[in-house]
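Chain by chain, the residues run as shown.
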Amino acid sequence: MSAGDEAVEGNKMPLLDHLIELRQRLFYSMIGLVVAFVVCFYFAQDLYNFLVQPLANLLLDQGTEVNGVYMQPENQPPPRMIFTDLTEVFFTYIKVAFFFAAFIMCPLFLAQLWLFIAPGLYRNEKQALAPFLIASPLLFLLGASLVYFVILPFAWDFFLQFQTPGGEDTLAIQLEAKVAEYLSLTMKLLFAFGLCFQLPVIMTLLARVGLASSQGMREKRKYAIVGVFVVAAIFTPPDPLSQISLAIPIIGLYEISIHMARLVEKKRAEREAELDRELDE
């Protein structure tokens, strides 16, 4: 046992001190979340417009601009979003503010988590866990960015194809998107992709504790691919392009997970060999 590990053993805190420390870390996290929420709520309309922009771009492209005035095609109302409950927009802005506040404060939450658990970890455990606390929010951001910049434009364009202008004997079918429903669907996609992009982190952690192996993941690759497409079909709009856009990155992340698990196993084998040499000496 190294000197650092002995220091950990000698500085163990009683249960009450752990609870006090946990309360302090939760308090700091909540203060940060409240401050971020207030700031985000002030800009809630701008943040919501940011989420709506992929749909707005498609709807506005259907019309033309003449002398600075937007002209909608004949027999079509100007693009807009509606709400059918007096409180709908207000509570939607609250959800938007909370969503962005939680995302912005994610580094603070992880930092407080690290400060709480780090004193009880050995040095090798700290070295193993720290990279995942950094990689996790970055992968979530990568998944959410894929949704916003790639999936949403294709998905919304697919659904807008179902609009019809109508005629003398038929009624027009036009989109009247609700404020709350749009946010709900968008947040669902952002969370789904962000969580799916945590696959390398989860599988590597499982490999570290011995619950998964690179060989096992390779052998179950075909089942994993089928499962990935099932998950993609559940969490994405029902168009093939959106489903493939989620499935392909997850399959790539699964391959990365196999490689990461192989590295974990290699390092574990090196540590065990070094330990055996020390015991032999």
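Provided above is the structure to which this section pertains.
Residues numbered from 1 in each chain as written. Predicted model: local features only at pLDDT ≥ 70, side-chain atom pairs only at ≥ 80, totals over all residues. Heavy atoms only, no water.

Student: Tell me about the overall build of the chain, residues and numbers included.
Tutor: A count of helical and extended segments in the chain gives eleven helices and four strands. If you take every contact in the chain between residues at least 6 apart in sequence, the share linking residues at least 24 apart comes to 77%. For the chain, the exposed area adds up to about 17600 Å²; of that, 67% sits on carbon and sulfur atoms. (Helix = DSSP H or I, 4+ residues; strand = E, 2+ residues; numbered from the N terminus. Contact = heavy atoms within 4.5 Å. Areas by Shrake-Rupley, 256 points an atom, 1.4 Å probe, with all protein chains shown as cover.)

Student: An account of the pattern of salt bridges is needed here, citing residue identities and associated values.
Tutor: Taken as a whole and assessed by the stated rule, the structure comprises four salt bridges. Notably, a salt bridge pairs Glu21 with Arg25, separated by 2.8 Å at the nearest N-O pair. Of this pair, Glu21 and Arg25 both sit in helix α2 (residues 15-42), four residues apart, which is roughly one turn of the helix. Taken individually, Glu21 and Arg25 each receive the classification buried, so the pair is uniform in this respect. (Salt bridge = Lys/Arg side-chain N within 4 Å of Asp/Glu carboxyl O. Buried < 20%, exposed > 50% of the residue type's maximum accessible area, 1.4 Å probe, protein only.)

Student: Please give an account of the packing of aromatic side chains that cites residues and values.
Tutor: As enumerated under the stated definition, the model contains 17 aromatic pairs in all. Relative to Phe162, the ring of Phe158 has its centre 5.6 Å away and its plane inclined at 85 degrees; by these criteria the two rings are edge-to-face. (Phe/Tyr/Trp six-rings, centres within 6.5 Å; stacked < 30°, edge-to-face > 60°.)

Student: Now, about a nonpolar patch on the surface: what can you tell me, with residues and values included?
Tutor: Taken together, Phe27, Tyr28, Ile31, Val35, Val39, Tyr42 and Phe43 make up a surface patch of nonpolar side chains, about 740 Å² in accessible area. Relative to the helices and strands, Ile31 resides in helix α2. (Patch = residues over 30% accessible without salt bridge, like charges linked within 9 Å, V, L, I, M, F, W, Y side chains within 5 Å.)

Student: How would you sum up the environment of Gly227? Please name residues and give values.
Tutor: Looking at the secondary structure, you find Gly227 in helix α10 (residues 221-235). Measuring from C-alpha to C-alpha, the distance between Gly227 and Ala247 comes to 9.4 Å, with 20 residues separating the pair along the chain.

Student: Account for the packing of helix α3 (residues 44-61) against helix α4 (residues 88-104), with residues named and values stated.
Tutor: Where α3 meets α4, the axes come as close as 9 Å, and the angle between the chain directions of the two elements is 80 degrees. By the angle between their directions, the pair α3 and α4 is classed as roughly perpendicular. Residues Ala44, Gln45, Leu47, Tyr48, Phe50 and Leu51 of α3 form the contact with α4, whose own contacting residues are Thr92, Tyr93, Val96 and Phe100. Residue classes in the contact of α3 with α4 are distributed as eight nonpolar, two polar and no charged. (Axes fitted to C-alpha atoms, helices over the stretch in contact; angles between N-to-C directions. Parallel < 35°, antiparallel > 145°, perpendicular 65-115°, else oblique. Nonpolar A, V, L, I, M, F, W, Y, C, P; charged D, E, K, R; others polar.)

Student: Outline the nonpolar core, listing residues and values.
Tutor: Counting residues in hydrophobic clusters, the biggest one holds 55 residues, and the most contacted among them are Tyr48, Leu55, Phe100 and Trp156. Where this core is concerned, the elements lending two or more residues are α2, α3, α4, α6 (123-160), α7 (179-196), α8 (199-208), α10 and α11 (240-280). Tallying contributions element by element places α6 first for this core, with eleven residues. Apart from the residues lying within four places of it in its own chain, the contact partners of Leu55 are Trp156, Leu160, Leu175, Ala177 and Tyr182. (Core = buried A, V, L, I, M, F, W, Y, C linked by side-chain atoms within 4.5 Å.)

Student: An account of the environment of Ala111 is requested, with residue identities and associated values reported.
Tutor: On the secondary structure map, Ala111 appears in helix α5 (residues 106-117). Taking C-alpha positions, Ala111 is 8.4 Å from Leu133, a pair spaced 22 residues apart along the chain.

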